[in-house]
Amino acid sequence: MKFIIGILLIGVVITLDLPVPGDVEQISKAWDAVKNNEIEILYFIFKSYPDIQARFPKFAGKDLDSIKGSADFAIHATRIVSFITQLYSFGKYGASHYAAGFTIVNEFASNHKNRGIPKDQLSEFCTALTKYVSTHAPWDDNIAAAWSRGMKSFLEVSFANYDGHPINSV
């Protein structure tokens, strides 16, 4: 079975909602349309969930519209989108790159847990990202299903790491 990536999204799940063949292609229809909108993506996420913005020392307590044009905002937005694109790219290469995907998702989860970021905020991030992509890119039932499986996979791997049980292989 081909496992996929899509945002932060490596499809390495051990639950009932497994990614299916063709998911990478479906996700690419949407992600490729927005992946160059780094600043708009982060702006949308912070606007949707101000509690996420509050977790970033450089952005906490600042007016979102005033920081949107800053270099710090652009740099962080690019980091986030690059991470998602990297995960997605691993999915394109199939099983030979799964270990790399597990590694970076587990590193992501460890870093965020160590910084005190609660699981709920990871879920909020994924919800906002999904809403942004679904309203700014091609989106249909097939893309939505593939994207959902990818997001669920990403969160399950991240949450398993948070709980002290990192998933390192399928």
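The following paragraphs examine the structure supplied in this document. (Residues numbered from 1 in each chain as written. Predicted model: local features only at pLDDT ≥ 70, side-chain atom pairs only at ≥ 80, totals over all residues. Heavy atoms only, no water.)

Below, the discussion takes up the layout of surface pockets. Where empty space is left can be seen by rolling a probe of water-molecule size over the atoms. The volume enclosed by the largest pocket comes to roughly 440 Å³. Looking at the largest pocket, it is lined by 22 residues, and the ones nearest its centre are Phe56, His76, Ile80, Phe108 and His112. Breaking the lining of the largest pocket down by element, the ones donating at least two residues are helix 2 (38-48), helix 5 (71-93), helix 6 (98-114) and helix 7 (119-136). Classifying every residue of the lining of the largest pocket gives 14 nonpolar, 4 polar and 4 charged. (1 Å grid on protein atoms, 1.4 Å probe; cavity = no way out; pocket = protein on both sides within 12 Å on 5 of 7 lines; lining within 4 Å. Points joined across faces, edges and corners; volume = space filled by probe spheres on them. Helix = DSSP H or I, 4+ residues; strand = E, 2+ residues; numbered from the N terminus. Nonpolar A, V, L, I, M, F, W, Y, C, P; charged D, E, K, R; others polar.)

Summed over the entire model, instances satisfying the criterion amount to 12 aromatic pairs. Taking 5.6 Å as the distance between ring centres and 65° as the angle between the ring planes, the aromatic pair formed by Phe59 and Phe73 counts as edge-to-face. A residue pair is termed long-range when its members are at least 10 positions apart, and Phe59 in the loop between helix 3 (50-53) and helix 4 (64-67) and Phe73 in helix 5 qualify at 14 residues. The exposure class of Phe59 is buried, given its relative accessible area of 3%. Taken together, a centroid distance of 6.4 Å and an interplanar angle of 70° make the contact between Phe83 and Phe154 edge-to-face. Note that Phe83 is positioned in helix 5 and Phe154 in helix 8 (residues 141-162), a separation of 71 residues in sequence. The exposure class assigned to Phe83 is buried, which follows from its relative accessible area of 16%. Members of the aromatic cluster, each reached through a chain of ring pairs, are Phe46, Phe56, Phe59 and Phe73. (Phe/Tyr/Trp six-rings, centres within 6.5 Å; stacked < 30°, edge-to-face > 60°. Buried < 20%, exposed > 50% of the residue type's maximum accessible area, 1.4 Å probe, protein only.)

The next thing to look at is helix 1 (residues 23-34). If you check helix 1, its first and last C-alpha atoms are 17 Å apart, about what 12 residues at 1.5 Å a residue would give, namely 16 Å. Turning to helix 1, its buried residues number three or more, namely Asp23, Val24, Gln26, Ile27, Ser28, Ala30, Trp31 and Val34. Its buried side turned inward, helix 1 meets helix 2, helix 5, helix 7 and helix 8. (Expected span 1.5 Å × (residues − 1). Contact = heavy atoms within 4.5 Å.)

Where helix 2 meets helix 7, the closest approach of the two axes is 9 Å, and the angle between their N-to-C directions is 125°. For the element pair helix 2 / helix 7, the angle class is oblique. The interaxial crossing formed by helix 2 with helix 7 has right-handed handedness. Facing Glu40, Ile41, Phe44, Ile45 and Ser48 of helix 2, the residues of helix 7 in contact are Phe125, Ala128, Leu129, Lys131 and Tyr132. Here the residues of the contact of helix 2 with helix 7 sort into 7 nonpolar, 1 polar and 2 charged. (Axes fitted to C-alpha atoms, helices over the stretch in contact; angles between N-to-C directions. Parallel < 35°, antiparallel > 145°, perpendicular 65-115°, else oblique. Left-handed = near helix turned anticlockwise from the far one by under 90°.)

Here we take up the environment of Ile41. By secondary structure assignment, the location of Ile41 is in helix 2. Accessibility expressed as a relative area gives 2% for Ile41, which makes it buried. The spatial distance from the C-alpha of Ile41 to the C-alpha of Ile80 is 9.3 Å, given a sequence separation of 39 residues. Setting aside anything within four residues of it in sequence, one finds Ile41 in contact with Trp31, Val34, Val81, Leu129 and Tyr132.

Looking at where Tyr93 falls in the secondary structure, it is placed in helix 5. Separated by 69 residues in sequence, Tyr93 and Val24 place their C-alpha atoms 9.8 Å apart.

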